[in-house]
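Survey of secondary and tertiary structure
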Amino acid sequence: MTRDAVIASKHRVVVVGAGFGGLSFIDGIASGTAEITLIDKQNHHLFQPLLYQAATTVLPISDIAWPIRMLMRKRRDVRVVEGEVCGVDTSRKLVRTARGDTYPYDTLLLAPGSQPSYFGHEEWASAAPGLKTASDALALRTRILAAFEEREREGKGRAPVIAIIGGGPTGVELAGMIANLCSRDLVRDFRTLDTAQTRIVIIDAADRILSSLPDNLAGYGEEKLRKMGVELKLGETVTGCHRDHAALKSGDFECDVTIWAAGTKAVPVAEWLGVDAGRDGRIDVEPDLSVPGQPDVFVIGDAAKVGWTHDKSVPGLAPAAKQEGAYVARVVSHRLRQGSDPGAFAYRHQGDLATIGRNAAVVRLGSMDFTGRIAWWLWGLAHIFFLITMRSRIAVLLHWFVLQFQARSDARLSFSDDDVASRTGPAASEESDNDETD
Ligand SMILES: Cc1cc2nc3c(=O)[nH]c(=O)nc-3n(C[C@H](O)[C@H](O)[C@H](O)COP(=O)(O)OP(=O)(O)OC[C@H]3O[C@@H](n4cnc5c(N)ncnc54)[C@H](O)[C@@H]3O)c2cc1C
């Protein structure tokens, strides 16, 4: 065995998170270069950009999630561990999981992504769940469908009110998909309800939606949503979330379902490492994406803050996490004497995309803007391209194609209420009286 091979075979890399960043890193490390341990708290990789389609019954979860062990089947150099990381001992170079297991590393890649941020009001989570995991999508789907069942049982013909807090891409995409669900798919399922009368309301403290997009695209989005019957309550600050109403500065807003889409923060990697982070929990990393003062620890994806232009950071998007993962793979390979020095990380922005329900989207590619059906197909093709397996690409394409002509029914299944109940115990909604966002 050559000296280089000995160094490589002993080099232990621990990767935390089998999301876009973590998997892209492993993809970039040639098989056999190092001993890799991949730790994730879930047993699957999740394609989050289509998560709200699973929550609104358009796609089954199995089209957008894949078991990590299946994805790593051909990588004999990767050991897969299901476990929730809760700390890092940087002096002893150990990663700790909640179960108390430890995993030694020579190089550590932290790519655990982000989680919903309630601006310090975590107690709002039970009344207004966010959308981040597969179980969040199933719980949300159950909660939405349960609201219709409840109204049907009442027999008064009153359709539910659904409040979405946050008018960014997630809030807008959810509102559009729920509007499609109510005006098309559910219409024939209920006897006493006119589901098309469902009130879907986006609440946002800003005076416009889609604030990350240019005015013309945000304006199109606003107009399209209004045409679909979605109400916009802009310039409204949420001061509390409860199971049956959202407390706003202007007064209480009664609703049957409240969904949180107002913000995210990084998984607490800064706490694990004992370093400072901004309000959004992201760690400021070096130009090679390592943690300042810890050259063997890298943070990427939604958990990292990386400079892009003079006044902007790299956005929390899937392509950014993938580029960062691939880049760190080149840095580590170079350190293990394979490949050339990649220099500093440089982000290539691939565009801004958001859907507004079926057949409508806004897309900015370079200096070109697209809206409407053509934008929807551009958005769709970009997402299909990023899906992991060919089977999923074909399945999603087929579902979308069939949806043009008829409503899906199998994805409209709701499951046990246990998961929802565990997040929404009756007391939970009462806890947040008089709370206020900053
Ligand atoms: C609803 C929704 C819609 C989105 N739409 C788009 C879109 O249209 N386009 C786009 O580009 N981006 C979109 N994003 C953002 C995109 O998904 C993220 O930017 C991207 O997933 C970040 O990649 P990552 O590798 O940093 O983290 P992730 O892909 O989130 O992966 C993190 C992994 O770490 C695991 N993990 C977390 N904590 C721990 C822990 N303590 N221990 C062990 N494992 C842990 C998680 O289970 C997960 O598998 C969307 C996100 C959401 C939630």
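The structure under discussion appears in the preceding block.
Overview of the structure.

Conventions adopted
Residues numbered from 1 in each chain as written. Predicted model: local features only at pLDDT ≥ 70, side-chain atom pairs only at ≥ 80, totals over all residues. Heavy atoms only, no water. Salt bridge = Lys/Arg side-chain N within 4 Å of Asp/Glu carboxyl O. Helix = DSSP H or I, 4+ residues; strand = E, 2+ residues; numbered from the N terminus. Buried < 20%, exposed > 50% of the residue type's maximum accessible area, 1.4 Å probe, protein only. Pairing = 2+ DSSP bridges. Contact = heavy atoms within 4.5 Å. Axes fitted to C-alpha atoms, helices over the stretch in contact; angles between N-to-C directions. Near = heavy atom within 4 Å. Polar contact = N/O pair within 3.5 Å; in protein donor to acceptor, adjacent residues only side chain to side chain. Areas by Shrake-Rupley, 256 points an atom, 1.4 Å probe, with all protein chains shown as cover. Nonpolar A, V, L, I, M, F, W, Y, C, P; charged D, E, K, R; others polar. Domains from an automatic or database assignment.

In this section: the pattern of salt bridges. Working definition: two side chains of opposite charge can pair if their charged atoms are close together. For the structure on display, the rule yields 19 salt bridges. Residue Arg 151 is joined to Asp 256 by a salt bridge in which the shortest nitrogen-to-oxygen separation is 2.2 Å. With Arg 151 in helix α5 (residues 134–154) and Asp 256 in the loop between β16 (251–254) and β17 (257–260), this pair connects stretches of sequence that are 105 residues apart. The shortest N-O distance in the salt bridge between Arg 364 and Asp 369 comes to 2.7 Å. For Asp 369, a relative accessible area of 28% corresponds to the partly exposed category. It is possible to trace a salt-bridge network through shared partners that takes in Lys 93, Asp 288, Asp 296 and Arg 335.

Quick look at the sheet that holds strand β21 (residues 294–299) now. Overall, mixed pairing links the six strands, which are arranged β5-β2-β1-β9-β21-β20 in an open sheet. Strands at the two margins of the open sheet, each flanked by one partner only, are β5 (78–82) and β20 (290–291). Summarising the sheet, strand β1 (residues 12–16) and strand β2 (residues 35–40) pair through five bridges and their orientation is parallel. Across the sheet, residue Val 15 finds its bridge partner in β2, namely Leu 38. Where helix α2 (residues 20–28) meets the sheet, its contacts fall on β1, β2, β5 and β9 (107–110), and the angle it forms with β1 comes to roughly 155°. On the sheet, helix α9 (residues 318–335) packs against β9 and β21 and is oriented at approximately 155° with respect to β21.

Taken together, the neighbourhood of the ligand is formed by 29 residues, with Gly 21, Asp 40, Gln 48, Val 85 and Asp 302 sitting nearest. The contact in question runs from an oxygen atom of the ligand to an N or O atom on the side chain of Gln 48, over 2.8 Å. Within the backbone of Ala 318, an N or O atom sits 2.9 Å from an oxygen atom of the ligand. Burial of the ligand by the protein chains amounts to 90% of its free accessible area of 1,000 Å². Residue assignment for the shell around the ligand shows that the elements contributing at least two residues are α2 and α9. When residues in the shell around the ligand are grouped by element, the largest group, three residues, is from α9. Across the shell around the ligand, the residue classes break down as 14 nonpolar, 10 polar and five charged. Three or more residues apiece are contributed to the shell around the ligand by two domains, here domain 1 (3–41 + 83–116 + 265–335) and domain 2 (122–262 + 352–430).

The strand order across the open sheet formed by three strands is β14-β15-β16, and the pairing between neighbours is antiparallel. Each edge of the sheet is formed by a strand with only one pairing partner; in this case those strands are β14 (238–241) and β16. Within this sheet the neighbouring strands show an average axis-to-axis angle of 25°, counted without direction. Inspection of the sheet shows strand β15 (residues 245–248) paired to β16 by four bridges, in the antiparallel sense. Across the sheet, residue Ala 247 finds its bridge partner in β16, namely Asp 252.

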